[in-house]
Amino acid sequence: MILPPAKLGMLGGGQLGRYFVMAAHELGYGVIVLDPDPDSVAGRIADEHLVASYEDEEALMQLARSCQVVTTEFENVPASSLARLEAYLPVRPSARIVEICQDRLLEKAFFAMQGLPHAPFAVIRSEADIMKADPGLFPGILKVARFGYDGKGQIAVQDREAALDAFLNYEGALCILERKLHLDSEVSMILARDPSGNCAVYPLVENRHRDGILDFSLVPAALPTEFAEEVQRMALGIAERLSYVGVMAIEFFIVGGKLCLNELAPRPHNSGHFSLDACITSQFEQQVRAVCGLPLGSAELLSNAAMFNLLGDLWFRLGQAGEPDWARLLVVEGLKLHLYGKKKARPGRKMGHFTLLGKDCKDLSMAGRKVRGGLV
Ligand code: ADP
Ligand code: MG
């Protein structure tokens, strides 16, 4: 066990890293954040913020010297940097796992090898691959294999011609062409696994997206219990197969009443934010516990919840000078407001979220939409 007051290393300094820092501080740990952005919201509250590239040898060695374990909040940190650190200290989850999660090709190959259900797809390396792609993949979505997030790096393509245009737009980057599925709904499961293989599993979350970005989440998902059990079996199987250590999120589509894996995130997840206010142990405390080898905390849900994202678009609709009227949210009973302290709002940028706690998810989702709509 890595016990307080040890120092923990965090690669990435966004809001997920910020909550990790807060959870680690609550337990008496120190955190060193590596993130090239001097305004990093996690770096700002960390014990130390190394403002350097993720590949900076000196910064990596400083983490290796000062920390007992390193983790990440962002799947696009170079896996090679994590591998470099693995020579000196535990990296959880491992460089290999992050490498799989940051590359849609490796991820899909992993699903296929494990016999797990996933959307039909083709690897697109050249225009010729588009020309010979199965007609059943249209209408589809062309996704860059690497560095996509929040719906970025993907374009809906009606037919082959549109796919060729989209591919040119990506300047020949390696892509996958995925069939566009008719989704009944989307769900995610967040779990933690410790170095001995013990797991804690959060309740199944139902997610609504808008323009490829998570809009809001409801927990527990309104699905038959068999579904939740099947998701849990699949999720635990994946974690076991990867010898995963840390917090992992798994995104699923439900298509024609059947489960279909979408993607893995090797870190806490936006759809797990409900756990900050609705569970004994948040996903971030769970990450601290898992990577330090502490006993995992309870992932039990204390209250039903709805979590609504607050995107930078809100600020834009108000005009550059405007700040949403937070008092309108703060007055709502059972509402917890979270703002991440980002200095600049951009459309699609995650600036904060709020969680509504209560009895009935349908009521919470209506109430959440209403109060958020009232901000602009
Ligand atoms: P990201 O890394 O941006 O989260 P995803 O592959 O999860 O990328 O896609 C974001 C969202 O776009 C999904 O949550 C879903 O709403 C939609 N989407 C992605 N792939 C498909 C698909 N094959 N069929 C239908 N909708 C999809
Ligand atoms: Mg996704």
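Just so you know, these numbers come straight off a predicted model, no measurement behind them.

Caption draft 1: Inspection of the coordination of the magnesium ion (ligand 2) at higher detail. The magnesium ion (ligand 2) binds to the protein through Glu-251 (OE), Glu-251 (OE) and Glu-263 (OE); the donor distances cover 1.9 to 2.7 Å. Remark: Glu-263 occurs in strand β14 (residues 258-265) and Glu-251 occurs in strand β13 (residues 246-255); sequence separation between them is 12 residues. A relative accessible area of 13% places Glu-251 in the buried class.

Caption draft 2: Main features of helix α2 (residues 57-66). Taken residue by residue, α2 has Ala-59, Leu-60, Met-61, Leu-63 and Ala-64 as its buried positions. Buried residues along α2 sit in contact with β1 (7-11), β2 (30-34), β3 (48-50) and α3 (79-86). The N-capping residue of α2, defined by a side-chain oxygen 3.1 Å from the backbone nitrogen of Glu-58, is Asp-56.

Caption draft 3: Molecular detail of the site of ligand 1. Inspection of the region around ligand 1 gives 19 residues, with Lys-143, Gly-151, Glu-178, Glu-186 and Asn-262 positioned closest. Gly-151 has a polar backbone atom sitting 2.6 Å from an oxygen atom of ligand 1. The separation between an oxygen atom of ligand 1 and a polar side-chain atom of Asn-262 is 2.8 Å. Summarising the interface, the protein chains cover 91% of the accessible area of ligand 1, which totals 540 Å² for the free molecule. Where the shell around ligand 1 is concerned, the elements lending two or more residues are β6 (140-144), β8 (175-179), β13 and β14. When grouped by side-chain class, the residues that make up the shell around ligand 1 number 5 nonpolar, 5 polar and 9 charged. Built from parts of two domains, the shell around ligand 1 gets at least three residues from each of domain 2 (120-179) and domain 3 (185-373).

Caption draft 4: Broad picture of the domain arrangement of the protein. Domain boundaries assigned for the protein yield domain 1 (7-91), domain 2 (120-179) and domain 3 (185-373). For domain 2 and domain 3, the distance between their C-alpha centres works out to 28 Å. Contacts between the two partners involve 4 residues from domain 2 and, on the opposite side, 7 residues from domain 3. Here domain 2 and domain 3 share an interface that buries about 320 Å² over both sides, 34% of which is from carbon and sulfur atoms. If you look at where domain 2 meets domain 3, you find 1 salt bridge. Of the charged contacts, one joins Asp-150 and Lys-350 as a salt bridge, the two residues approaching to 2.8 Å between their closest N and O atoms. Of the residues contributing to the side of domain 2 that touches domain 3, the split by class is no nonpolar, 1 polar and 3 charged.

Caption draft 5: Just the packing of helix α1 (residues 15-26) against helix α10 (residues 283-292), in detail. For the pair α1 and α10, interaxial distance at closest approach is 8 Å and the crossing angle is 65 degrees. In terms of orientation, α1 and α10 fall into the roughly perpendicular class. Pair α1 / α10 crosses with right-handed handedness. Residues Leu-16, Tyr-19, Phe-20, Ala-23 and Ala-24 of α1 form the contact with α10, whose own contacting residues are Phe-284, Glu-285, Gln-287 and Val-288. Its residues assigned to classes, the contact of α1 with α10 comprises 7 nonpolar, 1 polar and 1 charged.

The rules behind the values
- Residues numbered from 1 in each chain as written.
- Chains lettered and ligands numbered in written order.
- Predicted model: local features only at pLDDT ≥ 70, side-chain atom pairs only at ≥ 80, totals over all residues.
- Heavy atoms only, no water.
- Donors = N, O, S within 2.8 Å, 3.2 Å for Na, K, Ca; no water.
- Helix = DSSP H or I, 4+ residues; strand = E, 2+ residues; numbered from the N terminus.
- Buried < 20%, exposed > 50% of the residue type's maximum accessible area, 1.4 Å probe, protein only.
- Contact = heavy atoms within 4.5 Å.
- Polar contact = N/O pair within 3.5 Å; in protein donor to acceptor, adjacent residues only side chain to side chain.
- Near = heavy atom within 4 Å.
- Areas by Shrake-Rupley, 256 points an atom, 1.4 Å probe, with all protein chains shown as cover.
- Nonpolar A, V, L, I, M, F, W, Y, C, P; charged D, E, K, R; others polar.
- Domains from an automatic or database assignment.
- Buried area = accessible area lost by both parts, 1.4 Å probe.
- Salt bridge = Lys/Arg side-chain N within 4 Å of Asp/Glu carboxyl O.
- Axes fitted to C-alpha atoms, helices over the stretch in contact; angles between N-to-C directions.
- Parallel < 35°, antiparallel > 145°, perpendicular 65-115°, else oblique.
- Left-handed = near helix turned anticlockwise from the far one by under 90°.

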